[in-house]
Amino acid sequence: MQANGAGQDPGSELSCRTSAQNGEGSSAGGAHANGLVSVTNNGNSVSDNNGLSDQAEESNNANDVNSTVKKKKRLSQSEEDVIRLIGQHLHDLGLNQTVDMLMQESGCRLEHPSATKFRNHVMEGEWDKAESDLNELKALMHSPSAIVRMKFLLLQQKYLEYLEDGKVLEALQVLRAELTPLQYNTERIHVLSGYLMCSNAEDLKAKAEWEGKGSPSRTKLLDKLQTYLPPSVMLPPRRLQNLLRQAVELQRERCLYHNTKMDSGMDSVSLLLDHACSRKQFPCYTQQVLTEHCNEVWFCKFSNDGTKLATGSKDTTVIVWQVDPESHQLKLLKTLEGHAYGVSYLAWSPDDVYLIACGPDDCSELWLWNVQTGELRTKMSQSHEDSLTSVAWNPDGKRFVTGGQRGQFYQCDLDGNLLDSWEGVRVQCLWCLGDGRTVLASDTHQRIRAYNFEDLTDRNIVQEDHPVMSFTVSKNGRLALLNVATQGVHLWDLQDRVLVRKYQGVTQGFYTIHSCFGGHNEDFIASGSEDHKVYIWHRRSELPVAELSGHTRTVNCVSWNPVVPGLLASASDDGTVRIWGPAPFQDVQDTDGPNESSSMDS
């Protein structure tokens, strides 16, 4: 088969771009101008006749073909790019003959002839020729100084392959006479010299973290080398797949209801339709109404492993519910009694063995329960003047901090023994960060401060203009979600100490309402409200994506299951706990219309 452009008028505009490499025709098995191995059709060259078999078409002479080519509309740059991307993908699939036909008919070139030659020499391990090719590529590069780095990578591969083959003297020659004179990355050269001491090929591969001589390691080498070449000369590897993957990921990120793990592969994705999740797949529907409490329910919290839900009520009880792993239905597991003032806050230990219960403002006691046995391990009260209304576990699971609005702030062990205290801090809510040292506390000065019990320092992190009624922190410790009196739900970046977003819709007065992060990757935010609803937002959107109705009084607390992204619980003054999930009997292929799945505000 002739190289691309063979048979065209040498004076035509397209022939300049499709002529054979270095002016030579390529025979069967040779390299084409598009960088592929040529393929013959039963020994005959493949002509550009669009597959027509009509005798009249076959009898067209060269001048007629040239005339047709000349009349073709010149391709735009973006059109050429698309053809090259398609060609590269087809080549990766092994459809070389199809690529030849595509390049010939379009008048495009998959990559520069010098790049094709360079690629072939690298893959064949012809290092001297590949090094010579760099001189041709130098003129095509934006940064000619990168030639040194490319040469270093080539020689490194050459050196390692000599070592694997047991050619120690040749490898030493490359190290001394070729790599060292480059005066580049001397630290790496010292490492390479140490490989001379490897006892065998397997030892070399292990220490160098290298696949060994052959196609895999040379392909990886080419991927590194390509980063120094402009895409007009050589396309980045798997460019079309990467673009498609980026498009899919962007659509998922912009999807208001996407709440499942993002598969990094493309096999489970259809490229024929835009990504759109249905609202029916989102936890917007009442799955269960738990009515075992006989008074207002003030708090609810799923365990860290997602297998249990704890609810605290004004009726003086804590109920622990078991989550069925298959149906996600909840059934009563244990009832923990004796909290005379009611239960307004609950905290699971990191290993879910223990559960701490706190009461409202006038409660000076704290209960630490062993959930597995149902036994009370500790009932703590430092002083009858105390108010222990909030608690947070240290990540080590051996300590916790607790405090309230009467000016006390304690760190204790599992037996309630006082380890440290911080006086003069009227605490509204507490949180321990992952470093095991820093405790965040919202106080009566409309702020959140960080306290370090080790060096006894404290600093301001968040300052609001209204009281912070409660707050929670994301798993990575970067974001804080605040329920602010009369203002609603605010998102803060704790690292940059800036207000990121104010979420709209919720009714928040001076009741204590607890919001939460949730969904896959904590992409969503949920909060109760004094208007009897549960509000859900996508983290990047100020407007709610869902408003859940069903409760008949203020919704005090919401908790998103950390393991099952489609399971949400809400606790209300109406005495019930509602479990929210996807629509029953939904068709997973069903998607809402454009209005339901439109992009959110940035």
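Residues numbered from 1 in each chain as written. Predicted model: local features only at pLDDT ≥ 70, side-chain atom pairs only at ≥ 80, totals over all residues. Heavy atoms only, no water.

**Points about the overall build of the chain**
- Along the chain, the regular secondary structure elements total 13 helices and 28 strands.
- The buried share of the chain, taken over its 602 residues, is 48%.
- Residue pairs in contact within the chain that sit at least 24 positions apart in sequence constitute 51% of those at least 6 positions apart.
- Put simply, the chain shows about 28,900 Å² of open surface, and 47% of that area lies on carbon and sulfur atoms. (Helix = DSSP H or I, 4+ residues; strand = E, 2+ residues; numbered from the N terminus. Buried < 20%, exposed > 50% of the residue type's maximum accessible area, 1.4 Å probe, protein only. Contact = heavy atoms within 4.5 Å. Areas by Shrake-Rupley, 256 points an atom, 1.4 Å probe, with all protein chains shown as cover.)

**What to know about the pattern of salt bridges**
- Using the criterion set out here, one finds 22 salt bridges in the structure.
- A salt bridge links Arg-119 to Glu-111, with the shortest nitrogen-to-oxygen separation between them at 2.8 Å.
- Asp-223 serves as the salt-bridge partner of Arg-238, at 3.1 Å between the closest nitrogen and oxygen. Pair noted here: Arg-238 is in the loop between α12 (215–226) and α13 (239–254) and Asp-223 is in helix α12, with a separation of 15 residues, a long-range link.
- Note on Arg-238: relative accessible area 40%, which makes it partly exposed.
- We classify Asp-223 as partly exposed; its relative accessible area is 22%. (Salt bridge = Lys/Arg side-chain N within 4 Å of Asp/Glu carboxyl O.)

**Section: the side chain of Asn-394**
- Topologically, Asn-394 is positioned in the loop between β10 (390–393) and β11 (399–403).
- Residue classification places Asn-394 among the buried residues on the basis of a relative accessible area of 5%.
- Contacts of Asn-394, omitting those with residues within four sequence positions, involve Pro-350, Arg-399, Phe-400, Gln-411, Cys-432 and Gly-436.

**Side note on the sheet that holds strand β14 (residues 427–432)**
- If you walk across this open sheet you meet the four strands as β14-β15-β16-β17, and the pairing is antiparallel. Here the strands that pair on one side only, and so sit at the sheet edges, are β14 and β17 (457–463). With direction set aside, neighbouring strand axes in the sheet form an average angle of 25°.
- Where strand β16 (residues 447–452) lies against β17, six bridges are found, and the strand directions are antiparallel. Paired with Arg-449 across the strands is Asn-460, a residue of β17. (Pairing = 2+ DSSP bridges. Axes fitted to C-alpha atoms, helices over the stretch in contact; angles between N-to-C directions.)

**Here's the deal with the confidence of the model for the chain**
- Averaged over every residue, the pLDDT of the chain is 84; residues scoring 70 or more account for 84%.
- Ranking the elements of the chain by mean pLDDT puts helix α1 (residues 15–18) last with 36 and strand β3 (residues 308–313) first with 98.
- Residue range residues 1–33 is modelled with pLDDT below 50. Its contacts to residues more than four positions away, or to other chains, number 77 contacts.
- Predicted confidence is poor over residues 588–602, with pLDDT under 50, and the contacts of this stretch with residues over four places away or in other chains come to 29 contacts. (pLDDT = per-residue confidence, 0-100.)

**A few points about the nonpolar core**
- Among the nonpolar cores identified, the biggest contains 61 residues, and Leu-309, Leu-355, Phe-400, Leu-440 and Leu-482 are the most heavily contacted of them.
- Those residues within four positions of Leu-482 in sequence are excluded, and the remaining contacts are Ile-448, Val-462, Glu-464, Val-468, Ser-470, Phe-471, Gly-488, Val-489, His-490 and Trp-492. (Core = buried A, V, L, I, M, F, W, Y, C linked by side-chain atoms within 4.5 Å.)

**Regarding the environment of Ile-536**
- Among the structural elements, Ile-536 can be located in strand β24 (residues 534–538).
- Along the primary structure Ile-536 and Ala-526 are separated by ten residues, whereas in three dimensions their C-alpha atoms are 4.4 Å apart.
- Setting aside residues no more than four positions away along its own chain, Ile-536 makes contact with Phe-282, Pro-283, Phe-524, Ile-525, Ala-526, Pro-544, Val-545, Ala-546, Leu-548, Trp-560 and Leu-568.

**Some points on the pairing of β14**
- With five of six residues buried, β14 lies mostly within the body of the structure.
- Pairing between β14 and strand β15 (residues 438–443): five bridges, direction antiparallel. Paired with Trp-431 across the two strands is Leu-440, which belongs to β15.
- Where β14 folds back onto β15 in an antiparallel hairpin, the turn is made up of five residues, including Gly-436, whose phi is positive at roughly 80°.

**Section: the environment of Val-168**
- Tracing the chain through its elements places Val-168 in helix α9 (residues 168–179).
- For Val-168, a relative accessible area of 40% translates into the label partly exposed.

**Considering the packing of helix α7 (residues 127–138) against helix α8 (residues 146–164)**
- The interhelical angle for the contact between α7 and α8, taken along N-to-C directions, is 175°, at an axis separation of 10 Å. Considered as vectors, α7 and α8 are oriented roughly antiparallel to each other. Counted together, Trp-127, Asp-128, Ala-130, Glu-131, Leu-134 and Lys-138 of α7 and Ile-147, Met-150, Lys-151, Leu-154, Leu-155, Gln-157, Lys-158 and Glu-161 of α8 form the full contact between these two elements.
- A breakdown of the residues in the contact of α7 with α8 according to their chemical character gives seven nonpolar, one polar and six charged. (Parallel < 35°, antiparallel > 145°, perpendicular 65-115°, else oblique. Nonpolar A, V, L, I, M, F, W, Y, C, P; charged D, E, K, R; others polar.)

**Quick look at the side chain of Asn-561**
- By the secondary structure assignment, Asn-561 is in the loop between β26 (555–560) and β27 (568–572).
- Among the residues examined, Asn-561 registers a relative accessible area of 2% and is labelled buried.
- A polar contact of 3.0 Å, which involves the side chain of Asn-561, links it to the backbone oxygen of Gly-306. (Polar contact = N/O pair within 3.5 Å; in protein donor to acceptor, adjacent residues only side chain to side chain.)

**A short note on the pairing of strand β4 (residues 318–323)**
- The buried count for β4 comes to five of six residues, which makes it a mostly enclosed element.
- Alignment of β3 against β4, held across five bridges, turns out to be antiparallel. Across the sheet, Ala-310 pairs through a bridge with Val-320, a residue of β4.
- Hairpin connection between β3 and β4: a loop of four residues separates the two successive antiparallel strands, and Thr-316 in this loop has a positive phi of roughly 80°.
- Note: β4 against strand β5 (residues 330–336), six bridges, orientation antiparallel. By the bridge assignment for β5, Val-323 is matched with Leu-330.
- Linkage of β4 to β5, two consecutive antiparallel strands, is achieved through a turn of six residues, within which His-328 is found at a positive phi near 65°.

**Details of α9**
- Residues Ala-171, Val-174, Leu-175 and Leu-179 constitute the buried set of α9. Buried residues of α9 fall within an arc of 95° about the axis and therefore sit on the same side. Turned more than 90 degrees off the buried face of α9, the exposed positions are Leu-169 and Arg-176.
- Against α8 and α10 (186–194) lie the buried residues of α9. (Arc of directions from axis to C-beta.)

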